[in-house]
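Fold and geometry: a report
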Amino acid sequence: MALCGGADRGSHSMDKSITLPPDEIFRNLENAKRFAIDIGGSLTKLAYYSTVQHQVAKVRSFDHSAKETDGDPLYEISVQEEITARLHFIKFENAYIETCLDFIKDHLVNTETKVIKATGGGAHKFKDLIEKKLKLKVDKEDEMTCLIKGCNFVLKNIPHEAFVYAKHADSEFRFQNTHPDIFPYMLINIGSGVSIVKVEAEDKFERIGGSSIGGGTFWGLGALLTKTKRFDELLQLASKGQHTNVDMLVKDIYGGAYGSLGLTGDLIASSFGKSATTDKEFSKEDMAKSLLHMISNDIGQLACLYAKLHNLTRVYFGGFFIRGHPVTMHTITYSINFFTKGEVQALFLRHEGYLGAIGAFLKGAEEDNPNQYSWEENYAGSSGLMSVSPELNPVQRARSGTFDMLEMDRLERQLVNLPLLQDATSYIPDTVDLTEDALAREYWLYCFEEALDGVVKRAIASQKDQPEAVERAEKFRQKYRHKLQTLRHQPFAYGSLTVRSLLDTREHCLNEFNFPDPYSKIKQKENDMALKYYLKVVKSVEELSWEQRQFTLAKGLLAGNVFDWGAKAVSDVLESDPEFGFEQAKQQLQERPWLVDAYNQWIERLKGPPHKCALFFVDNSGIDIILGVFPFIRELLIRGTEVVLASNSGPALNDVTNSELQILTERIAAMDPVIHAALREDRLALVQNGSSSPCLDLSRLDKVLATVIRERGTDLVIIEGMGRAIHTNYYAMLSCESLKLAVIKNSWLAERLGGKIFSVVFKYEVPSKAQEQH
Amino acid sequence: MKLRRCSRKPAFPWFGMDIGGTLVKLVYFEPKDITEEEELEEVENLKSIRRYLTSNTAYGKTGVRDVHLELHNLTICGRTGNLHFIRFPTAAMHRFIQMGRDKHFSSLHTTLCATGGGAYKFENDFRTMADLELLKLDELDCLIQGLLYIDSVGFNDHPECYYFENPSDTQNCIKEPCCLDNLFPMLLVNIGSGVSILAVYTKDNYKRVTGTSLGGGTFLGLCCLLTGCETFEEALEMASKGDSTNVDKLVKDIYGGDYQRFGLQGSAVASSFGHMMSKEKRDSISKEDLARATLVTITNNIGSIARMCAVNEKIERVVFVGNFLRINTVSTKLLAYAMDFWSKGQLRALFLEHEGYFGAVGAFLDLLKSADDA
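Everything numeric here is computed off the predicted structure, so don't read it as measured data.

Moving on, we get to the overall build of chain B. Assigned secondary structure in chain B consists of 13 helices and 17 strands. Rg of the C-alpha trace for chain B: 22 Å, near the compact-globule value of 21 Å for 374 residues, within the 12% margin. For chain B, the C-alpha atoms occupy an extent of roughly 75 × 45 × 35 Å along the three principal directions. With 374 residues in all, chain B has 57% of them scored as buried. Long-range pairs, those at least 24 residues apart, make up 67% of the contacts in chain B between residues at least 6 apart in sequence. Between the averaged position of the 41 positive side-chain charges in chain B and that of its 48 negative side-chain charges there is a distance of 4 Å.

Attention shifts here to the interface of chain B and chain A. In this complex, chain B contributes 58 residues to the contact, which on the side of chain A involves 54 residues. For the pairing of chain B and chain A, the buried interface totals around 4700 Å² over both sides, and the portion due to carbon and sulfur atoms is 64%. The interface formed by chain B and chain A includes one salt bridge. The tally of links from chain B across to chain A stands at 18 residue pairs in polar contact (both at pLDDT 80 or more). Looking at the side of chain B that touches chain A, the elements that each hand over two or more residues are helix 4 (117-121), helix 6 (139-153), strand 13 (206-212), helix 7 (216-227), helix 9 (251-255), strand 15 (269-271), helix 10 (279-283) and helix 11 (287-313) of chain B. In terms of residues, the side of chain B that touches chain A owes the most to one element, helix 11 of chain B, which gives eleven residues. Of the residues that constitute the side of chain B that touches chain A, the class distribution is 24 nonpolar, 23 polar and eleven charged.

All names here are of chain A. The residue glutamate 407 is located in strand 16 (residues 404-410) in this model. A sequence separation of 133 residues divides glutamate 407 from lysine 274, and the C-alpha atoms of the two residues are 49 Å apart. What glutamate 407 contacts, discounting residues up to four positions off in sequence, is Arg27, Arg86, Leu87, His88, Glu376, Glu377, Asn378, Gly381 and Ser382. In terms of polar contacts, glutamate 407 uses its side chain to reach the side chain of arginine 27, at 2.7 Å.

Looking now at the pattern of salt bridges. Going through the model one piece at a time under the given rule, you end up with 71 salt bridges over all chains. With its nearest N and O atoms 3.3 Å apart, the salt bridge here joins glutamate 123 of chain B to arginine 127 of chain B. With glutamate 123 of chain B and arginine 127 of chain B both in helix 5 (residues 123-130), this residue pair falls four residues apart, about one helical turn. On the basis of relative accessibility, which here comes to 17%, the residue glutamate 123 of chain B falls in the buried class. Connected via shared salt-bridge partners are Arg27, Arg86, Glu407, Asp409 and Glu512 of chain A.

Taken domain by domain, chain B comprises domain 1 (14-142 + 358-371), domain 2 (161-242 + 287-352) and domain 3 (248-284). Here the C-alpha centroids of domain 1 of chain B and domain 3 of chain B sit 48 Å apart.

This brings us to the side chain of aspartate 655 of chain A. Residues and elements named next belong to chain A. If you trace the backbone, aspartate 655 turns up in the loop between strand 20 (642-647) and helix 22 (658-671). A polar side-chain atom of aspartate 655 sits 2.9 Å from a polar atom in the side chain of arginine 724. If we ignore the near neighbours within four places in the chain, the residues touching aspartate 655 are Lys523, Asp619, Asn620, Ser621, Asn648, Glu660, Ser693, Pro694 and Arg724.

Before going further, it helps to examine the sheet that holds strand 23 (residues 716-720) of chain A. Two orientations exist for strands paired in a sheet by backbone hydrogen bonds: parallel and antiparallel. Residue and element names in this part refer to chain A. Taken in spatial order, the seven strands line up as 18-25-24-23-19-20-21 in an open sheet, and their pairing is mixed. Every other strand in the sheet has two partners, leaving strand 18 (596-597) and strand 21 (684-688) as the edge strands with one partner each. Of the pairings in the sheet, the one linking strand 19 (residues 613-617) to strand 23 comprises four bridges and is parallel in character. Along strand 23, the bridge assignment pairs phenylalanine 616 with isoleucine 718. Those strands touched by helix 20 (residues 599-606) are strand 18, strand 23, strand 24 (737-744) and strand 25 (759-765), and its axis lies near 45° from that of strand 25.

Cut-offs applied
- Residues numbered from 1 in each chain as written.
- Chains lettered and ligands numbered in written order.
- Predicted model: local features only at pLDDT ≥ 70, side-chain atom pairs only at ≥ 80, totals over all residues.
- Heavy atoms only, no water.
- Helix = DSSP H or I, 4+ residues; strand = E, 2+ residues; numbered from the N terminus.
- Rg over C-alpha atoms; globule rule 2.2 N^0.38 Å.
- Buried < 20%, exposed > 50% of the residue type's maximum accessible area, 1.4 Å probe, protein only.
- Contact = heavy atoms within 4.5 Å.
- Lys, Arg positive; Asp, Glu negative; His and termini not counted.
- Charge placed at Lys NZ, Arg CZ, Asp CG, Glu CD.
- Buried area = accessible area lost by both parts, 1.4 Å probe.
- Salt bridge = Lys/Arg side-chain N within 4 Å of Asp/Glu carboxyl O.
- Polar contact = N/O pair within 3.5 Å; in protein donor to acceptor, adjacent residues only side chain to side chain.
- Nonpolar A, V, L, I, M, F, W, Y, C, P; charged D, E, K, R; others polar.
- Domains from an automatic or database assignment.
- Pairing = 2+ DSSP bridges.
- Axes fitted to C-alpha atoms, helices over the stretch in contact; angles between N-to-C directions.

Structure representation (structure tokens):
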């Protein structure tokens with residue numbers, strides 16, 4: 001049953017003296033609307049929708065009719081205020097509810113809000129208080145419906161939401177990839193009792209079973225046996241106990257294993273069996289442990305019986321019994337493994353505690369149609385897994401007012417899979433999982449910490465005209481440094497830790513403090529400079545023989561990719577020597593054979609018929625895009641291949657954004673009849689990729705891009721740059737030909753791959769025939 | 001089940017023993033057709049064992065003969081006699097072995113057929129302490145053979161098997177004896193200290209489907225800890241007077257009535273021991289209520305697992321055995337109700353009078369079989 005226990009946590013004697021650090025928690029209240037609240041036995045979860053006003057950097061072409069003079073910048077950069085939608089979820093102990101309601105009342109400006117959706121076992125208890133304080137009508141929603149709605153939402157929108165728990169593995173949390181189709185699944189909610197629900201579609205679910213032996217049994221029976229009142233304390237006791245002192249094991253009966261049935265000696269034959277036959281005192285710890293095993297095993301067994309009966313393999317566990325407690329996750333996992341012989345894995349959810357609140361919120365926001373958008377977890381505003389874990393932080397947990405937060409941004413664009421993925425279900429964007437690779441984790445955390453000063457400096461420099469930028473930049477520094485520290489101790493906080501997540505977290509933090517595009521001016525300057533050399537590069541290439549030309553174009557593409565402010569080795573050079581040029585970059589490149597060198601195969605392929613359409617995920621602005629990418633795709637266009645340039649929707653480092661690329665392309669077209677014609681004839685298309693990351697997740701791409709790719713019959717995918725082709729997608733399997741090109745601008749990474757800094761990766765892959773048809 | 005004619009009878013005494021986690025179950029065949037000649041030949045040891053077992057109903061402090069279960073005039077292997085059912089705690093096993101030594105059991109040249117985990121655990125003790133070799137037998141094999149045999153011979157001209165008429169109606173729920181023409185396929189739920197669940201298709205074809213550690217040992221163990229009681233009888237006595245709804249949280253305690261969205265009755269238990277999360281409730285609860293709640297929790301859980309197994313295995317007959325059900329009508333009725341209610345009448349719970357003795361009977365039968373094979 002999904003019934004949350006009304007517990008004796010002194011929820012009536014609320015501590016009004018608690019002061020909140022409010023702006024850190026209930027953020028953006030001034031625009032908040034659509035409140036929802038989920039009150040459980042001990043925790044309250046509040047949800048609201050708000051809008052966030054933040055700055056975005058926009059680029060705009062100057063009027064071309066006016067005669068340009070040499071000193072004019074290429075395009076205009078302006079900072080505009082933009083309003084985006086954000087969901088706020090806050091979790092806190094019930095003891096704080098009154099204080100929190102008071103705070104919200106005092107800061108709530110929006111008057112159109114009339115109701116608050118409420119769910120959870122404690123909702124009725126606090127109904128009057130909520131109505132009195134907030135002057136909102138409490139509208140109760142069915143608990144299970146909310147839970148399922150919330151579960152669907154997080155499974156769809158949060159990558160790495162689900163994980164397998166492995167207590168003894170190097171990394172306790174093994175995060176699962178977002179499955180393109182989340183249904184069907186089974187949700188086992190362990191509140192005071194247990195509810196087992198089969199979910200077949202967004203609105204189609206059924207309670208297929210349950211059990212009365214649940215969290216309430218552990219708590220109630222545990223309190224009786226050990227005279228320990230609190231649930232967390234009981235778990236603490238259990239984690240220190242030895243169940244074998246209380247339970248009767250197979251070996252206590254058999255003297256060893258029951259071999260013919262494959263029952264090992266350590267198996268529990270009878271829970272609490274020894275307390276029936278032995279006349280002695282049992283320790284609290286041992287009894288608590290025995291009780292925990294008894295209940296976990298029982299739930300695991302029922303879960304397996306129901307999974308088998310309904311033929312379900314994805315089994316998620318939630319409820320207050322689980323809620324981030326490693327002890328219960330471990331015992332449940334063990335039980336499921338035992339009873340299904342490993343056929344079914346117990347899955348847990350990072351945001352399990354929020355499901356009810358998310359669901360209640362979604363019920364109230366149906367007219368806004370939140371399910372038609374894609375959402376993204378905001379790493380800057382979210383606390384991450386285990387932020388209030390009793391095991392990790394026992395002091396904090398003891399009534400200090402730990403508030404856990406989850407913030408989700410509504411994305412402008414709807415995101416879908418790249419249609420050219422060979423197998424969307426097994427696609428993993430990231431090359432190295434830093435949660436599991438401790439050495440790599442150490443290195444990258446160090447690397448990002450080292451680079452932080454530079455990023456702060458860059459952020460301030462990008463807003464010289466704004467004196468308070470220094471202060472904001474400092475706040476950014478603190479926030480990001482804190483995130484890095486958190487990740488050092490809890491690398492699993494936001495799902496698998498990867499170079500991508502570290503980069504994305506940095507972008508989120510920069511945005512949080514209104515540094516939407518610290519590189520805008522640099523990008524502008526570099527674009528401007530590179531444009532001046534464009535014709536010269538194109539002309540010099542045209543004079544070469546076919547073979548020479550192909551090689552020069554490939555080399556040019558790689559040399560262009562050296563210009564990357566995201567790589568510290570390069571940004572140091574660029575910082576000290578702004579004149580560092582294209583030719584010098586070419587000289588820095590590794591001589592062939594490259595670290596990964598499929599150039600010969602690529603050339604052989606080029607001797608064959610042209611590709612129908614090439615999709616090019618571009619990287620940096622400036623020399624990279626203008627002198628590297630454009631001459632390269634120009635050749636493809638001449639060969640008769642259509643080209644789709646996919647660039648970022650929003651800024652990240654010095655990566656070229658879609659709006660910048662529009663302007664650049666126009667300018668190039670004005671100089672170059674080949675590009676001009678291609679644009680006019682729609683053989684060259686510029687499409688945004690839906691991302692604002694320096695990396696690339698091919699399972700979350702702009703829906704429009706996916707359509708374009710499909711419509712044009714794309715048969716070649718080119719992915720360029722360290723972020724997109726090395727940190728991510730290095731092992732991505734595509735159903736068409738692909739080129740993955742990058743210069744390794746980090747000596748540690750180069751060494752890991754067996755090379756030196758400025759090593760070249762030129763990876764050309766052709767799927768086997770069978771896979772292609774797939 | 002037809003017993004084949006024994007070509008060579010094993011030497012008396014005829015025993016079958018099932019050494020479980022909590023209880024030792026012993027069946028003893030007392031021949032009533034002893035000829036004078038035999039009587040003269042009968043060694044003193046054997047005589048004294050027979051007299052000791054048949055003239056007492058209690059042995060030591062803890063041994064008990066279940067006189068009401070005794071089977072009369074049983075003809076087996078060409079001999080006619082009574083089958084006695086005796087039990088004592090496994091904790092007294094060493095005293096039992098000592099007695100075997102004192103009574104020079106080893107001189108009788110009989111085979112001691114034993115099943116249950118204790119046959120393995122105590123094998124060495126039998127050997128070293130009493131110079132006795134055990135013939136160890138698989139407990140599930142014995143359970144099934146024993147059960148089928150007793151069912152076939154009946155309970156002194158009455159059926160061994162019974163069920164409850166109107167299981168979902170507490171007022172009119174009555175125990176009804178029944179004879180089943182065919183037991184197969186059956187789901188056999190053996191509730192001892194722990195629980196084993198078997199799917200039995202024919203007399204030799206069965207599989208262990210699953211088991212649970214929440215069994216009779218758990219009931220008694222928790223009751224001892226919660227109420228300070230010491231015996232199963234005491235625990236059951238308390239449970240019979242208690243009210244579990246003071247301890248368990250019901251659906252209506254949370255929803256004020258039925259949880260209609262999911263068709264759950266208000267009277268269904270939502271959380272076993274759920275009320276005990278509250279200190280006030282903990283302070284006001286009686287031992288009887290706690291004992292009752294423990295019994296109801298364990299029983300319902302077994303019922304729930306058994307029901308799921310029956311559905312998964314597509315078996316409609318669920319037979320409950322094991323000593324947990326001894327003098328425990330609260331549980332038998334509850335199981336009957338649970339099978340009927342949750343399956344909407346599809347499943348039927350069946351019970352057997354000799355609850356916990358089938359393993360021992362199976363071991364006893366093997367003694368005769370082993371002689372046959374010899």
